Amino acid sequence: MSDNDFLFMRRAIGLSLESVKKGGGPFGAVIVRNGEILAESSNLVIALNDPTAHAEINAIREAARKLDTFDLSGCVIYASCEPCPMCLGAIYWARIDKVVFANTTSDAQNIGFADSRIYKEISRPPQERDIEFRQLLREEALKAFKAWDESENKIEY
């Protein structure tokens, strides 16, 4: 770990503390490229009434806007807590190279954030999940997949 790693992680932790002071969740994230902060955010779930407004998601959205691309290759994300399943998925979709985190999912679970429940649900077949899942109109929906697959203008992501 470099001095910059500690600096960027302390910024993510600072954002998490600021969020708590404002009545938000205790999470912060910083995205860095080439040693410079590209984007940062705290958890804004309560402030925006948006369950997807996690610190990592917010920072990814800001970084993508700044770079005008969905591909954040070459970036590192510093998160005050190990990313939840949603954020982890977004990190992979964004192609971020490295994740550095402070608190663990167990630490989060100890204060009421139940990521383990979601990880457990993901591994179950849809018909065995706690939330009802039903499949409907697959053949119709496959038309869009076929059109995309055959398109010469598609941009893979």
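So, how was this worked out
Residues numbered from 1 in each chain as written. Predicted model: local features only at pLDDT ≥ 70, side-chain atom pairs only at ≥ 80, totals over all residues. Heavy atoms only, no water. Helix = DSSP H or I, 4+ residues; strand = E, 2+ residues; numbered from the N terminus. Buried < 20%, exposed > 50% of the residue type's maximum accessible area, 1.4 Å probe, protein only. Contact = heavy atoms within 4.5 Å. Areas by Shrake-Rupley, 256 points an atom, 1.4 Å probe, with all protein chains shown as cover. Core = buried A, V, L, I, M, F, W, Y, C linked by side-chain atoms within 4.5 Å. Pairing = 2+ DSSP bridges. Axes fitted to C-alpha atoms, helices over the stretch in contact; angles between N-to-C directions. Lys, Arg positive; Asp, Glu negative; His and termini not counted. Salt bridge = Lys/Arg side-chain N within 4 Å of Asp/Glu carboxyl O. Right-handed = clockwise from strand over helix to strand, strands pointing away.

**Q** Is there a simple way to think about the overall build of the protein chain in this case?
**A** For the protein chain, the helix and strand inventory stands at seven helices and four strands. Along the longest, intermediate and shortest principal axes, the C-alpha atoms of the protein chain span 50 × 40 × 30 Å. When the 157 residues of the protein chain are sorted by exposure, 31% land in the buried category. Within the protein chain, contacts between residues separated by at least 24 positions form 49% of all contacts whose residues are at least 6 apart in sequence. If you sum the accessible surface of the protein chain, you get close to 10600 Å²; carbon and sulfur atoms cover 54% of it.

**Q** Just checking my understanding: could you explain the nonpolar core for this structure?
**A** Generally speaking, a soluble globular protein has its nonpolar side chains buried in company with each other. Among the nonpolar cores identified, the biggest contains 21 residues, and Ile31, Ile60, Ala63, Leu72, Ile77 and Ile96 are the most heavily contacted of them. Going through the elements one at a time, strand 1 (28-33), strand 2 (36-42), helix 3 (55-67), strand 3 (75-81) and helix 4 (85-94) are the ones with two or more residues in this core. Per element, the largest residue contribution to this core is five residues, and it comes from helix 3.

**Q** Which parts of the structure should I look at to understand the sheet that holds strand 2?
**A** Spatial strand order, 2-1-3-4: four strands in an open sheet with mixed pairing. The sheet is open, and its two borders are formed by strand 2 and strand 4 (98-103), each paired with just one other strand. Between one strand axis and the next, the sheet turns through 15 degrees on average, direction left out of account. By the bridge criterion, five bridges tie strand 1 to strand 3 in an arrangement that is antiparallel.

**Q** Help me out: how do you make sense of the side chain of Asp5 in this one?
**A** Counting through the fold element by element, Asp5 comes out in helix 1 (residues 3-21). Lys98 provides the closest opposite charge to the buried, unpaired Asp5, separated from it by 4.4 Å. Beyond its immediate sequence surroundings of up to four residues, Asp5 is in contact with Tyr78 and Lys98.

**Q** What is the right way to read unusual backbone geometry from this model?
**A** Comment: phi is negative for the bulk of residues other than glycine, and the bulk of peptide bonds are trans. Although it is not a glycine, Asn34 sits at a positive phi angle of roughly 55 degrees. Here Asn34 shows up in the loop between strand 1 and strand 2. The exposed category is assigned to Asn34, whose relative accessible area is 70%. Residue Asn49 is not a glycine yet carries a positive backbone phi of 50 degrees.

**Q** Just checking my understanding: could you explain the pairing of strand 4 for this structure?
**A** Along any regular strand the residues' side chains alternate between the sheet's two faces. In the sheet, strand 3 pairs with strand 4 via five bridges, with the strands oriented parallel. Each bridged residue has a counterpart across the sheet, and for Tyr78 the counterpart in strand 4 is Val100. With helix 4 bridging strand 3 and its parallel neighbour strand 4, the resulting β-α-β unit is right-handed.

Geometry only, nothing functional implied.
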